Amino acid sequence: MIIAGNFKSFKTREGTKEYLEKLEAEVLNSSSEVVIFPPSTALQSWKGKVSVGTQNAYPTENGAFTGEIGLEQLEEFQTKYILIGHSERREILKERDKFIAEKFDFFTENSFKVILCIGESLEIRREGEEKVLEFLNRQLEKIDLSKDFVIAYEPIWAIGTGITPTLQEIDSILEKLHKLSGKKVLYGGSVKLSNSVEILSLPNCDGVLVGGASLEPLDFAKMVSIADEVQK
Ligand code: PEP
């Protein structure tokens, strides 16, 4: 199981360090893979059970890319995990499938553990599962499926809204993504402590990507324990 926490633009460097100390103590003996994604300014060289990944980076060693970071900056923290294709970057920062595929190629070639986020809008979900799958397939079209990576299925309408698809709807999509890609598939979108048992117990769920509910280390640690308990 993979339990990943996306801090988005929350927490400082000091706050992330305190968080890591608390989380590490709680999950030390976990059998799950535990990774947090703080803002770039809060990246840490953390050696322990918990891994620290980056929410974003530019596909470059270094260079003239104002406001971005590249491999050189990530190496300073031995960062090896990256989120690619998060819907907030697709929607707000206008990242397109072609650029997402460029990032994907660059970071997989540089031995990063990529969590590739895909997910549909509410409009598409309302058209039914077949349309959702068509859309997800299109998001994967430019992605080299022979590479080693993890998919996070995150319906856009479930992110930060407190609304989730039904358990059946989640598992059905995860199952199809498994079959299509042969990769581990996480679910993301309003995962909280209160719904994590049901979601993590789904037969096709390999873990969760958690936004808001990952900000409290003890709650996040409890999700890790739940993942250990339901381990398939
Ligand atoms: C996310 O940011 O990837 C996410 C799933 O957010 P939330 O858990 O807050 O819906």
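Residues numbered from 1 in each chain as written. Predicted model: local features only at pLDDT ≥ 70, side-chain atom pairs only at ≥ 80, totals over all residues. Heavy atoms only, no water.

Asks: Looking at this structure, how should I read the domain arrangement of the chain?
Replies: Interface extent is often summarised as the accessible area lost during association of the parts. The assigned domain composition of the chain is domain 1 (1-79) and domain 2 (81-208). Each of domain 1 and domain 2 has a C-alpha centre, and the two are 20 Å apart. Contact residues are listed per partner, giving 23 residues for domain 1 and 25 residues for domain 2. Interface area lost by domain 1 to domain 2 is led by Met-1, Ile-2 and Pro-59, which between them contribute 29%. Seen at the junction of domain 1 and domain 2, the total is one salt bridge. Between Glu-88 and Lys-8 there is a salt bridge; the shortest N-O distance is 2.8 Å. Linking domain 1 to domain 2 there are 10 residue pairs in polar contact (both at pLDDT 80 or more). When residues of the side of domain 1 that touches domain 2 are traced back to their parent elements, those giving at least two are strand S1 (2-6), strand S2 (33-37) and helix H2 (71-75). Among the residues making up the side of domain 1 that touches domain 2, the classes are represented as 11 nonpolar, eight polar and four charged. (Domains from an automatic or database assignment. Contact = heavy atoms within 4.5 Å. Buried area = accessible area lost by both parts, 1.4 Å probe. Salt bridge = Lys/Arg side-chain N within 4 Å of Asp/Glu carboxyl O. Polar contact = N/O pair within 3.5 Å; in protein donor to acceptor, adjacent residues only side chain to side chain. Helix = DSSP H or I, 4+ residues; strand = E, 2+ residues; numbered from the N terminus. Nonpolar A, V, L, I, M, F, W, Y, C, P; charged D, E, K, R; others polar.)

Asks: Explain the layout of surface pockets to me, please; I cannot follow it from the model alone.
Replies: Approximately 420 Å³ is the volume attributed to the largest pocket. Taken together, 16 residues line the largest pocket, and the ones lying closest to its centre are Lys-8, Ser-9, Gln-55, Asn-56 and Arg-89. When the residues that make up the lining of the largest pocket are grouped by side-chain class, the tally is five nonpolar, seven polar and four charged. (1 Å grid on protein atoms, 1.4 Å probe; cavity = no way out; pocket = protein on both sides within 12 Å on 5 of 7 lines; lining within 4 Å. Points joined across faces, edges and corners; volume = space filled by probe spheres on them.)

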